[in-house]
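Analysis of the macromolecular model
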Amino acid sequence: EVIIGGTVDPDFGPVVMYGMGGIWVENLKDVSFCPAPVGKKDALEMIQKTKSYGLLKGGRGRGDADVPALLDALEKFSRLMADFPQIVEMDLNPLMLADKGRGAVVLDARIKLAGKGKKHARHAR
């Protein structure tokens, strides 16, 4: 269970967040951030910066999580944040990772759009 989130920072523009999902994000606060858009290299660095990275490598009879699917999700999510200025906040929580080679499934998603008539400052990239 992981979370991918995004918001628009007044100084940095769209920013993507990654961490353990569900209740763990609130309890562990083990997250990393990167300005959008995020490439696969940046996405890998984001997940490696978290203390929970080791959990994706399996253990105790569990196989490795599908990290390539997670990298793909982070990259595509960040592209949405970067390409659509009307998105103010967005999160996928939880994003369930299957075993390596089996993909990932979004169980819950939330998107907050800028209000009608309100200008939302975004930095050009």
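Preceding this section is the structure that the text describes.
Each chain has its residues counted from 1, running along the sequence as written. Restriction of local features to residues with pLDDT of at least 70 applies here, the model being predicted, together with a cutoff of 80 or more for giving and counting side-chain atom pairs; totals for whole chains, interfaces and linings are based on all residues. Excluding hydrogens and water, the side-chain figures rest on all heavy atoms present in the structure.

Describing the layout of surface pockets
Note the threshold: Buried and open spaces are told apart on a 1 Å grid over the protein atoms alone, a cavity being a set of points where a 1.4 Å probe fits but cannot get out and a pocket being an open set with protein on both sides within 12 Å along at least five of seven lines. Residues with an atom within 4 Å of a point are the lining residues. Grid points are joined across faces, edges and corners, and a volume is the space filled by probe spheres set on the points. Charged means Asp, Glu, Lys or Arg here, nonpolar means Ala, Val, Leu, Ile, Met, Phe, Trp, Tyr, Cys or Pro, and polar covers whatever is left, Gly included.
Size it by volume and the largest pocket reaches roughly 410 Å³. Taken together, 17 residues form the lining of the largest pocket, with Glu-1, Leu-55, Leu-56, Arg-62 and Ala-65 sitting closest to its centre. A class-by-class count of the residues in the lining of the largest pocket yields nine nonpolar, three polar and five charged.

Concerning the pattern of salt bridges
Going by this rule: The term salt bridge refers to a side-chain nitrogen of Lys or Arg lying within 4 Å of a carboxyl oxygen of Asp or Glu. The helix count covers DSSP runs of H or I at least four residues long, the strand count covers runs of E at least two residues long, and both are numbered beginning at the N terminus. Only protein chains enter the area calculation, which uses a 1.4 Å probe; residues under 20% of their type maximum are buried, those over 50% are exposed, and those in between are partly exposed.
Tallied over the entire structure, the rule returns six salt bridges. With its nearest N and O atoms 3.1 Å apart, the salt bridge here joins Asp-83 to Arg-79. One end of the pair, Asp-83, and the other, Arg-79, are both in helix H3 (residues 67–83), four residues apart, so they sit about a helical turn from each other. Given the relative accessible area of 40%, Arg-79 is considered partly exposed. Counted as one network, the salt bridges with shared partners bring together Lys-40, Asp-72, Glu-75 and Lys-76.

Regarding H3
We apply this condition: Each helix should span, by expectation, one fewer than its residue count multiplied by 1.5 Å. Only heavy atoms enter the contact rule, under which two residues are in contact if any of them lie within 4.5 Å.
Taking 1.5 Å of rise per residue, the 17 residues of H3 would be expected to cover 24 Å, and the 24 Å separating its terminal C-alpha atoms lies within 8% of that figure. Of the positions making up H3, those classed as buried are Val-67, Ala-69, Leu-70, Leu-71, Ala-73, Leu-74, Phe-77, Ser-78 and Met-81. The secondary structure elements touched by the buried residues of H3 are strand S1 (2–9), strand S2 (13–20), helix H2 (40–49), strand S4 (87–97) and strand S5 (104–106).

Structural notes on a nonpolar patch on the surface
Selection criterion: The patches reported here contain residues having more than 30% relative accessible area and no salt bridge. Joining distances are 9 Å for like charges and 5 Å for nonpolar side chains (Val, Leu, Ile, Met, Phe, Trp, Tyr). All accessible-area figures derive from a Shrake-Rupley calculation using a 1.4 Å probe, and residue coverage is judged against the displayed protein chains alone.
Side chains of Ile-23, Trp-24 and Leu-28 sit close together on the surface and give an oily, nonpolar patch of about 320 Å² of accessible area. Following the sequence through the fold, Trp-24 ends up in helix H1 (residues 24–28). Using a relative accessible area of 43% as the deciding quantity, one classes Trp-24 as partly exposed.

Comments concerning the packing of H2 against H3
Condition: All axes here are fitted lines through C-alpha atoms, helices being fitted over the stretch that makes contact, and every angle between N-to-C directions spans 0 to 180 degrees. Any angle that falls under 35 degrees is termed roughly parallel, while one over 145 is termed roughly antiparallel, one within 65 to 115 roughly perpendicular, and all others oblique. Each crossing gets its handedness from the near helix: less than a right angle anticlockwise from the far helix is left-handed, clockwise is right-handed.
Orientation of H2 relative to H3, taken along the N-to-C sense of each, is 115°, at an axis distance of 9 Å. The orientation of H2 relative to H3 falls into the category roughly perpendicular. For the pair H2 and H3, the sense of crossing is right-handed. Counted together, Lys-40, Ala-43, Leu-44, Met-46 and Ile-47 of H2 and Val-67, Leu-70, Leu-71, Asp-72, Leu-74 and Glu-75 of H3 form the full contact between these two elements. Residues belonging to the contact of H2 with H3 are distributed by class as follows: eight nonpolar, no polar and three charged.

Structural notes on the side chain of Ser-52
With respect to the secondary-structure elements, Ser-52 resides in the loop between H2 and H3. When neighbours within four sequence positions are excluded, Ser-52 is seen to be in contact with Met-20 and Asp-30.

A word on H2
Quick note on the threshold: Think of the arc as the fan of directions from the helix axis to the C-beta atoms.
Listing the buried residues of H2 in full gives Ala-43, Met-46 and Ile-47. All buried residues of H2 lie within an arc of 90° about the axis, which places them on one face of the element. Opposite the buried face of H2, at more than 90 degrees from it, the exposed residues are Lys-41 and Lys-49. Those residues of H2 hidden inside the fold are in contact with S2, strand S3 (31–35) and H3.

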